[in-house]
Amino acid sequence: MAKLNTTVLSLCVVLAFLAGQSAAGRYYADKVQDKVRKEVEKAIAYNPSVGPALVRLVFHDCWVNGCDGSVLLDKTPTDGTNTEKKAVNNIGLAGFEVIDTIKQKVGGSASCADILVFAGRDAADILSGGKIFYTLTGGRKDGVSSSASAADATLPSSTFDFSQLQDNFGAASHGFTVEELVVLSGAHSIGVAHLSSYQDRLAGADVTPIDSSYQAALIKVTPPGLLTQGQDPTVPNNARDASSAFQKAAAYDPVKLGVNPTRGVLDNSYYHNTLENKVLFKSDWVLRTDSFAAGKLEEYKNNATEWNSDFADAMVKLSNLPALQGKEIRKSCRFTNQQYY
Ligand code: HEM
């Protein structure tokens, strides 16, 4: 059933992509950015689930020691194969093959860190039907270290409460406000999540408030017991992207909620869902527990244009987090130059 949900999601993202023609065919004067663009368009058309994955990669790379492509490394001289990809909080990261393909096209003319933020930007543009767009410049250097434990110490967990999220975003190395936390969390209008990332919302003493129909629908498609059998299936982050049967069981009617029912679109639907408690992660729900953040949830629910614009601004800030250990332009995005041959 979970697989079915993912399939429905993929088909729907294709439809959303087609509906978003205004974003397709954007050209850049900069040759590298133009090549990235073309490959991202092809990749999303071929496999729509890479769109959300590319947007998420920007967060997961830039949050850990700045935008240095460290999340792309398979091994390094200092960390061996225990790189960021192995971090618990990096579960489900994808899109690496797209970055590899682009790297083959651009060679030494761009760092992997640049390619990654350009690709995430283009994915956001395409998935929003051209409503979320921002300009970026190149010049980032690739890092030569990548540690799973450092990533887990730096990336927020889906079980964080509000003060943990606030501290994480506000940390000196990040410098993001609560408003930006609320803005960027809206990225959860797209993509998928594994059962292990929201199991705490399904059963047990620690369950945070969640709509009971939505919870029952989740339990039906992904019973928590599957985890003990070694299975960790996925569901769409957004009930809007689930099958009609799921939506019925979850009493989720996008039109009644005022949400654009087109599946797979990066938009402000996350805010409608969160305020209905029909949202996957504890870290999403807890935004309701702070009065300022809750006010922002309402604001973005009621003003899609404002969210598009604020999201673009926050993505620029994210994509420009300085690479603290950036040193080289890698030959392969998976290996440091020292380990390339
Ligand atoms: C606020 C703190 C955040 C937490 C705790 C969080 C947590 C998560 C988790 C647990 C998943 C599902 C992983 C899985 O089970 O496979 C996920 C998916 C995702 N997140 Fe976040 N996230 C946060 C912020 C962000 C930000 C800032 C962005 C982007 C700007 C983002 C973009 C995404 C996307 C697009 C997906 C779906 C990825 C896919 O389908 O491949 N998240 N997030």
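Residues numbered from 1 in each chain as written. Predicted model: local features only at pLDDT ≥ 70, side-chain atom pairs only at ≥ 80, totals over all residues. Heavy atoms only, no water.

1. Describing the packing of helix 8 (residues 178-185) against helix 15 (residues 291-302)
Right, on to step 1. At a closest axis distance of 9 Å, the pairing of helix 8 and helix 15 adopts a crossing angle of 45°. Taken as axis vectors, helix 8 and helix 15 run oblique relative to one another. Crossing handedness for the pair helix 8 and helix 15: right-handed. Across from Val178, Glu179, Val182 and Val183 in helix 8, the residues of helix 15 making contact are Phe292, Ala293, Lys296, Leu297 and Tyr300. (Axes fitted to C-alpha atoms, helices over the stretch in contact; angles between N-to-C directions. Helix = DSSP H or I, 4+ residues; strand = E, 2+ residues; numbered from the N terminus. Parallel < 35°, antiparallel > 145°, perpendicular 65-115°, else oblique. Left-handed = near helix turned anticlockwise from the far one by under 90°. Contact = heavy atoms within 4.5 Å.)

2. Comments concerning the state of the cysteines
Right, on to step 1. Within the structure shown, the criterion is met by two disulfides.
Right, on to step 2. The disulfide that involves Cys62 links it to Cys67, with 2.1 Å between the sulfurs. Every disulfide takes its handedness from the sign of the S-S torsion; for Cys62 and Cys67 that torsion is 115°, giving right-handed.
Right, on to step 3. With its bonded cysteines labelled in order along the sequence, the chain shows the pairing 1-2, 3-4. (Disulfide = S-S within 2.5 Å.)

3. What about the UniProt feature "binding site: Ca(2+) 1" (unreviewed entry) in the chain?
Right, on to step 1. Within the UniProt annotation, "binding site: Ca(2+) 1" (unreviewed entry) is assigned to Asp61, Val64, Gly66, Asp68, Ser70 and Glu84. A compact arrangement is adopted by the annotated residues: their sequence extent is 24 residues, whereas the largest C-alpha distance between any two is 13.2 Å.
Right, on to step 2. Within the secondary structure layout, Val64 lies in the loop between helix 3 (50-62) and helix 4 (96-106).
Right, on to step 3. Val64 gets classed as buried once you look at its relative accessible area, which sits at 2%.
Right, on to step 4. Once residues lying within four places of it in the same chain are set aside, the contact partners of Val64 are Ser70, Glu84, Ala151, Thr154 and Leu155.
Right, on to step 5. Within the secondary structure layout, Ser70 lies in the loop between helix 3 and helix 4.
Right, on to step 6. When sequence neighbours within four positions are dropped, the list of residues in contact with Ser70 reads Asp61, Val64, Glu84, Ser145, Ser146 and Arg330. (UniProt positions renumbered as here; feature names shortened; annotations may be inferred. Buried < 20%, exposed > 50% of the residue type's maximum accessible area, 1.4 Å probe, protein only.)

4. Re the UniProt feature "binding site: substrate" (unreviewed entry) in the chain
Right, on to step 1. This chain's UniProt record puts "binding site: substrate" (unreviewed entry) on Pro156.
Right, on to step 2. Mapped onto the elements of the fold, Pro156 is located in the loop between helix 6 (148-154) and helix 7 (162-170).
Right, on to step 3. Residue class for Pro156 comes out buried when judged on its relative accessible area of 18%.
Right, on to step 4. Pro156 has contacts with Phe59, Trp63, Asn89, Leu165, Asn168 and Phe169, leaving out every residue within four places of it along the chain.

5. Points about helix 16 (residues 304-319)
Right, on to step 1. Counted at 1.5 Å a residue, the expected span for helix 16 with its 16 residues is 22 Å, and the 22 Å between its end C-alpha atoms agrees.
Right, on to step 2. For helix 16, the full list of buried residues reads Trp307, Asn308, Asp310, Phe311, Ala312, Ala314, Met315, Leu318 and Ser319.
Right, on to step 3. Looking at the buried residues of helix 16, the elements they touch are helix 3, helix 5 (112-127), helix 8, helix 13 (269-275) and helix 15. (Expected span 1.5 Å × (residues − 1).)

6. A closer look at the pattern of salt bridges
Right, on to step 1. The final tally for this structure, using the stated rule, is 18 salt bridges.
Right, on to step 2. Its salt-bridge partner being Glu180, residue Lys317 comes within 3.0 Å of it at the nearest N-O pair. Note that Lys317 is positioned in helix 16 and Glu180 in helix 8, a separation of 137 residues in sequence.
Right, on to step 3. Exposure remark for Glu180: the relative accessible area of 17% places this residue in the buried category. (Salt bridge = Lys/Arg side-chain N within 4 Å of Asp/Glu carboxyl O.)

7. Quick notes on the site of the ligand
Right, on to step 1. Taken together, 26 residues form the shell around the ligand, and within it His188, Gly191, Val192, His194 and Ser197 come nearest.
Right, on to step 2. Backbone polar atom of Ile91 to an oxygen atom of the ligand: 3.5 Å apart, as the coordinates give it.
Right, on to step 3. Note that an oxygen atom of the ligand is positioned 2.7 Å from one of the side-chain N or O atoms of His194.
Right, on to step 4. Elements with a minimum of two residues in the shell around the ligand: helix 3, helix 7, helix 8 and strand 2 (192-194).
Right, on to step 5. Residue contributions to the shell around the ligand peak at four residues, all from helix 3.
Right, on to step 6. For the shell around the ligand, the class distribution of residues is 15 nonpolar, ten polar and one charged. (Near = heavy atom within 4 Å. Polar contact = N/O pair within 3.5 Å; in protein donor to acceptor, adjacent residues only side chain to side chain. Nonpolar A, V, L, I, M, F, W, Y, C, P; charged D, E, K, R; others polar.)

8. Observations concerning helix 8
Right, on to step 1. Among the eight residues of helix 8, seven are classified as buried, and the element is accordingly described as predominantly covered.
Right, on to step 2. Turning to helix 8, its buried residues are Val178, Glu180, Leu181, Val182, Val183, Leu184 and Ser185.

9. Focus: the domain arrangement of the chain
Right, on to step 1. Splitting the chain by domain gives domain 1 (2-155 + 316-339) and domain 2 (188-313).
Right, on to step 2. A straight line from the C-alpha centre of domain 1 to that of domain 2 covers 24 Å.
Right, on to step 3. With 21 residues of domain 1 at the interface, the matching set in domain 2 holds 27 residues.
Right, on to step 4. Buried surface at the junction of domain 1 and domain 2, both sides included, amounts to about 1,800 Å², of which 70% is carbon and sulfur. (Domains from an automatic or database assignment. Buried area = accessible area lost by both parts, 1.4 Å probe.)

10. Description of unusual backbone geometry
Right, on to step 1. One non-glycine residue, Asn65, lies in the positive phi region at around 65°.
Right, on to step 2. Among the structural elements, Asn65 can be located in the loop between helix 3 and helix 4.

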